[in-house]
Amino acid sequence: MLLKDLRFASRLLRRNPAYSALAILTMALGIGASAAIFSVVNGVLLRPLPYPDADRIVVLWTRLSEGPETSSGPDFLDWRAQSQSFESLTAVARSGANLTGDGEPERVISAAVSPEFFSVFGVRPVLGPGFSPEEWREREQRAVILTDGLWRRRFGADPNIVGRNIQVNGIARRVAGVMPPGFVLPVSGDILVPLTIDLARQGRRNDFLFVAARMKPGVSRQAAQSEMDAIAARLSQQYPNTNLNIGVDVVAVRQEFVGKVERALLLLLGAVACLLLIACANVANLMLARAAARSQEMSVRAALGAGRAQLLRQLLAESVLLSLAGGLAGTVLARLALKPLLAMTDLPRSNEVAIDLTVLAVTFCIATLTGILFGMAPALYASRADLHAELRLRGAGSGAGLRGGLLAAQVALSLMLLIAAGLLARSFAGLVATNPGFRTDRMLTAYLQLPRPRYPAAANVLAFFDQLKDRVRALPGVESVALVGSLPLSGGGSNLTFAVIGRPDPPPGMVPAADVNTVSPEYFATMGIPVLRGRGFSGTDQANTTPVAIVNRTFAEKHFRNDDPIGKQIRIDQPVLTIVGVVNDVRHWTLDKRPVEEIFLLHAQNPRPAMSVIVRTIGAPVAVAGALREQVRLVDKDQPVARMRTMEDVFGESVSARRFTMTLVAAFAGLAMLLAAVGVYAVLAYAVERRTREIGIRIAVGAARADVVRLTLRDGLAPVGLGIAVGRAGAAALTRVLEGMLYNVSAADPLTWLAVTAVLMLAAGMATIVPALRAAQVDPIDALRHE
């Protein structure tokens, strides 16, 4: 019986290709957008993490007044010794490493792990035995475990890789294993090495360890948090100089993976659900119009003995068939859109996003349910037993209330999406207009980290970078070259405590700290960072001259508010530094984070093996990229170049997550407004057609054509006005969700609300004016003759 109904529905839809194509296209847009966003949500938020009993794994962060931070070795050892909530705790120290041999030099991420690592995450290498007990105790790291991705990419998935030596930072290291496919760390890593440093000898505020733990069965995260609060309080009393007012945050590992993008993805899922509802309401209105047009057919079939259930089943078969066809087309659209969608931003677990069986099953269910739910009202209307009575009236007002209600719902949902998009767009515009404190044009950057075995002394490090700067500066098209330890908008430098010479020691727990960055003398001029007081670093500042420092405006205003900082001295660890200049603030973290206190040290006096090279070019920076890489190779053929990009790319990457959310919500809102305008036009055009006789009589008895236009516009815009009123109320609730995602704009911003409402009303007005003018052109004689 069902197959018979579907075959009959298919024949009917083929006879009306325009109606079928419009309905299928509308559903394809709604279902396709829903499938694409759901595939992202499924891969990022819903898919289980690649760890056994992942809900028992937590991450422990040191809680400072500035926010969560990595942890120190002594704190980790105390947590492990005193806690009872965990089966095991592990420490991970993340760093960079140069991989040479077997192809071009490559920069990889090395994760030094403590012995408990494999028990915490519940995984073992799929190839090889892993680290031996002796390798955990060695002072030098002599063994490595490869991640599956690196093994396949660089070593061609060689099954005999275990036992081979590979060159890591110029040292031969034995491959002890390969991790299973799909395994990822909460912190990125390409190779694993044993953590062999003596953690007990590290400083308590030398926070460099990522700490994870596996809770015992039956222990809740809240119970673990309470225990860690008690341990932190004891350490605060025991070590007031370093641990006063320092706590511990126990965070679920899932939150570490997806916490930063969860709200944005859920917002997108809600936006695409609104779009799907608008598309369904549009199709329902089309089906209502078609049902009214088929009233005579339904009456004849009822008179021949067809029961209402039979008619209802037949009409629902049509709606479900339309929806399934839309779902099939939508799946194709989702597959085409997924790759460019993922390219818009760097999402966690993006490699797990795909149109898989789960997404296909959900898409099928959505298509079937929407076909039933939004085909039910038209089907109930068309299958009514008294349609022959309405036939005599030509259906002048048939279904008008339901169509108006569906139209009002479309307008309300469209307004909600438009207001959300408007607020996000204003927020994004304000964000990108924020002055980052430096220039981004015509600059190329590249990251280099020299391996200590090849560059053991400060003189070796300085010789490499000096030679590289001289070579690059001599290249055609290069204006200037500089070095910096931490690029702007890429995270701050090391957060270190300091003391101002000549001032009393602060009380325990109140020792000031600042981000410390290392730069070459050319850095401020190359980046366009103005010197506000004193001077910048110069060629006379050398390794053997007086140690000097430059501070930023925020540092100077906080610590030298009523004094001139030039000539004052500060101490970081042992060296005493003389402040020679104050520079303008730079956004080193993100554009929406206020500048922090910052101290700049001279690279010649504080040589660092890890530096970013900044090249200001005369023309396009990409034209120099190949030459820069070649100059690095000429200085050291085994030195890889990592993260080569322009400063404009750095700026773009810093706002990519906000751009991703804003762009998609705006796209969905624009599509929703288009569908709503089409719905307004279709409903009003159909109403004019059904009321041709009434309009003809009005004109015949003396109604002016302007009156007909006003009457038609009033009838068409009434549901629009209702939808706007409901939509504004819904948007007021929605904006509470947006508050934490906005920058420098209020969720109740009146300009956005007024502008969006005006745009939607304008679109609705343009959609109604054509049917209204058509109604005014009705010829009374033709209308009555047609009757």
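For every chain, the first residue of the written sequence is number 1, and numbering continues from 1 onward in sequence order. Residue-level local features of this predicted model are given only where pLDDT is at least 70; pairs of side-chain atoms are given and counted only at 80 or more, and the full residue set underlies all totals for whole chains, interfaces and linings. Side-chain descriptors were evaluated using all non-hydrogen atoms of the structure, hydrogens and water having been removed beforehand.

Chemist: I'd like to hear about the overall build of the chain, residue by residue, with values.
Modeler: The helix and strand labels rest on DSSP assignments: H or I over at least four residues marks a helix, E over at least two residues marks a strand, and numbering proceeds from the N terminus. Helix and strand counts for the chain stand at 24 helices and 22 strands. Per-residue accessibility, obtained with a 1.4 Å probe over protein chains only, is compared with the maximum for each type, and a residue is labelled buried under 20%, exposed over 50%, and partly exposed between these values. A total of 787 residues make up the chain; the buried ones form 52% of that total. For the chain, the share of sequence-separated contacts (at least 6 apart) that also reach a separation of at least 24 residues comes to 83%. Each accessible area is a Shrake-Rupley estimate made with a 1.4 Å probe; only the visible protein chains count as cover when residues are assessed. When the accessible surface of the chain is summed, it comes to about 34900 Å², and 58% of that surface belongs to carbon and sulfur atoms. The contact criterion used is simple: two residues touch if any of their non-hydrogen atoms lie within 4.5 Å.

Chemist: Tell me about the pattern of salt bridges, and please be specific about residues and values.
Modeler: Any carboxyl oxygen of Asp or Glu that lies within 4 Å of a side-chain nitrogen of Lys or Arg is treated as forming a salt bridge with it. Applying the stated criterion across every chain yields a total of 33 salt bridges. Among the ionic pairs, Arg80 bridges to Glu116, the shortest N-O distance being 2.5 Å. Taken together, the residues span a long stretch of sequence, with Arg80 in helix α3 (residues 73-82) and Glu116 in the loop between β4 (106-113) and α4 (117-121) at a distance of 36 residues. What emerges from the salt-bridge pattern is a single network uniting Arg47, Arg349, Glu352 and Asp356.

Chemist: Describe the nonpolar core, with residues and values.
Modeler: To form a nonpolar core, buried Ala, Val, Leu, Ile, Met, Phe, Trp, Tyr and Cys residues must be joined to one another through side-chain atoms within 4.5 Å. Ranked by size, the top nonpolar core spans 123 residues in total, and within it Phe121, Leu192 and Tyr523 carry the most contacts. Residue contacts for Leu192: discarding those within four places in its chain leaves Ala111, Val113, Phe117, Phe118, Phe131, Ala143, Val144, Ile145, Met179 and Leu185. Counting residues in hydrophobic clusters, the runner-up holds 37 residues, among them Ala91, Val175, Val178 and Met228.

Chemist: Let's hear about the environment of Ala513: which residues, and what values?
Modeler: With respect to the helices and strands, the residue Ala513 is situated in strand β15 (residues 513-519). Between the C-alpha atoms of Ala513 and Leu496, which are 17 residues apart in sequence, the distance is 5.2 Å. Once residues within four sequence positions are removed from consideration, Ala513 is found in contact with Asn495, Leu496, Thr497, Phe498 and Glu597.

Chemist: Break down unusual backbone geometry for me, with residues and values.
Modeler: Unlike most non-glycine residues, Asp53 shows phi in positive territory, near 50°. Structurally, Asp53 is set in the loop between α2 (17-46) and β1 (57-64). For Asp53, a relative accessible area of 44% puts it in the partly exposed group. One non-glycine residue with positive phi stands out, namely Asn169, at about 55°.

Chemist: Which residues make up the packing of α3 against helix α7 (residues 221-238), and what values go with them?
Modeler: Note on geometry: axes are C-alpha line fits, over the in-contact stretch for helices, and angles between N-to-C directions span 0 to 180 degrees. It is at 11 Å that the axes of α3 and α7 come closest, and there the two elements cross at 125°. The angle between the axes of α3 and α7 places the two elements in the oblique class. In terms of crossing hand, the pair formed by α3 and α7 is right-handed. On α7, the residues that touch Asp75, Asp78, Trp79 and Gln82 of α3 are Glu227, Met228, Ile231, Arg234 and Leu235. Residue polarity is assigned by list, with Asp, Glu, Lys and Arg as charged and Ala, Val, Leu, Ile, Met, Phe, Trp, Tyr, Cys and Pro as nonpolar; anything else, Gly included, falls into the polar class. Residue composition of the contact of α3 with α7, by class: 4 nonpolar, 1 polar and 4 charged. In these notes the angle categories are as follows: under 35 degrees is roughly parallel, over 145 is roughly antiparallel, 65 to 115 is roughly perpendicular, and the rest is oblique. Each crossing is labelled by how the near helix is turned from the far one, with a counterclockwise turn of less than a right angle marking it left-handed and a clockwise turn marking it right-handed.

Chemist: Kindly report on the packing of aromatic side chains, identifying the contributing residues and their values.
Modeler: Each pair of aromatic rings taken from Phe, Tyr and Trp, with Trp reduced to its six-membered ring, is defined by centres within 6.5 Å and is described as stacked if the planes are under 30 degrees apart, edge-to-face if over 60, and tilted in the remaining cases. For the structure shown, the criterion picks out 17 aromatic pairs. Ring centres 6.3 Å apart and planes at 40° place the aromatic pair Tyr51 and Phe257 in the tilted group. With Tyr51 in the loop between α2 and β1 and Phe257 in helix α9 (residues 253-293), this residue pair connects regions lying 206 residues apart in the sequence. Judged by centre distance (6.4 Å) and plane angle (85°), the rings of Phe121 and Phe183 are edge-to-face. You can see Phe121 sitting in helix α4 and its partner Phe183 sitting in the loop between β7 (171-178) and β8 (191-194), a full 62 residues away along the chain. The burial state of Phe121 is the same as that of Phe183; both residues are buried.

Chemist: Quick one: what's the story with the confidence of the model for the chain, residue by residue and with numbers?
Modeler: Each residue carries a pLDDT score, the predictor's confidence in it, ranging from 0 to 100. Of the residues in the chain, 87% have a pLDDT of 70 or more, and the chain-wide mean is 85. Note that residues 390-398 has pLDDT below 50 and, in this model, 15 contacts with residues that lie over four places away or in other chains.

Chemist: Help me get a handle on a nonpolar patch on the surface, residues and values and all.
Modeler: Two joining distances apply to patches: 9 Å for like charges and 5 Å for nonpolar side chains (Val, Leu, Ile, Met, Phe, Trp, Tyr), and every residue must have over 30% relative accessible area and no salt bridge. Taken together, Tyr681, Ile769, Val770 and Leu773 make up a surface patch of nonpolar side chains, about 310 Å² in accessible area. By the element assignment, Val770 lies in helix α23 (residues 750-776).

Chemist: Residues and numbers for the environment of Lys339, please.
Modeler: Tracing the chain through its elements places Lys339 in helix α11 (residues 308-343). With 14 residues separating them in the primary sequence, Lys339 and Val353 have C-alpha atoms 9.6 Å apart.

Chemist: Now, about the pairing of β4: what can you tell me, with residues and values included?
Modeler: Most of β4 is tucked away, with 8 of its 8 residues classed as buried. Alternating positions in β4 separate into two faces, Glu106, Val108, Ser110 and Ala112 on one and Arg107, Ile109, Ala111 and Val113 on the other, with burial throughout. Note: β4 against β8, 4 bridges, orientation parallel. Within the sheet, the bridge partner assigned to Ser110 lies in β8 and is Ile191. At least two bridges found by DSSP between two strands are what make those strands a pair.

Chemist: Quick rundown of the environment of Gly721? Include the residues and the values.
Modeler: Tracing the chain through its elements places Gly721 in helix α22 (residues 705-738). The spacing of Gly721 and Ala764 is 43 residues in sequence and 9.8 Å in space, taken between C-alpha atoms.

Chemist: Go over helix α18 (residues 625-635), please, and point to the residues and values.
Modeler: For α18, every residue scored as buried is listed here: Ala625, Leu628, Gln631, Val632 and Val635. Down the axis, α18 shows its buried residues gathered within 125° of arc, on one side only. Contacts from the buried residues of α18 go to β11 (443-449), α15 (458-473), β21 (610-617) and β22 (642-646). Each direction from the helix axis to a C-beta atom contributes to the arc, which is the arc of those directions.

Chemist: Before we move on, can you summarise the side chain of Glu106 with the specific residues and values?
Modeler: By secondary structure assignment, the location of Glu106 is in strand β4. With a relative accessible area of 18%, Glu106 lands in the buried category. Those residues in contact with Glu106, other than ones at most four positions away along the chain, are Ala97, Asn98, Leu99, Leu150, Arg153, Arg154 and Pro640.

Chemist: Before we move on, could you go through the packing of α15 against α18 and cite the residues and values that matter?
Modeler: At a closest axis distance of 10 Å, the pairing of α15 and α18 adopts a crossing angle of 140°. Taken together, α15 and α18 sit at an angle that is classed as oblique. When you trace α15 past α18, the crossing you get is right-handed. On the side of α15, the interface is formed by Phe464, Gln467, Leu468, Arg471 and Val472, while α18 contributes Leu628, Gln631, Val632, Leu634 and Val635. Of the residues in the contact of α15 with α18, the class split is 7 nonpolar, 2 polar and 1 charged.

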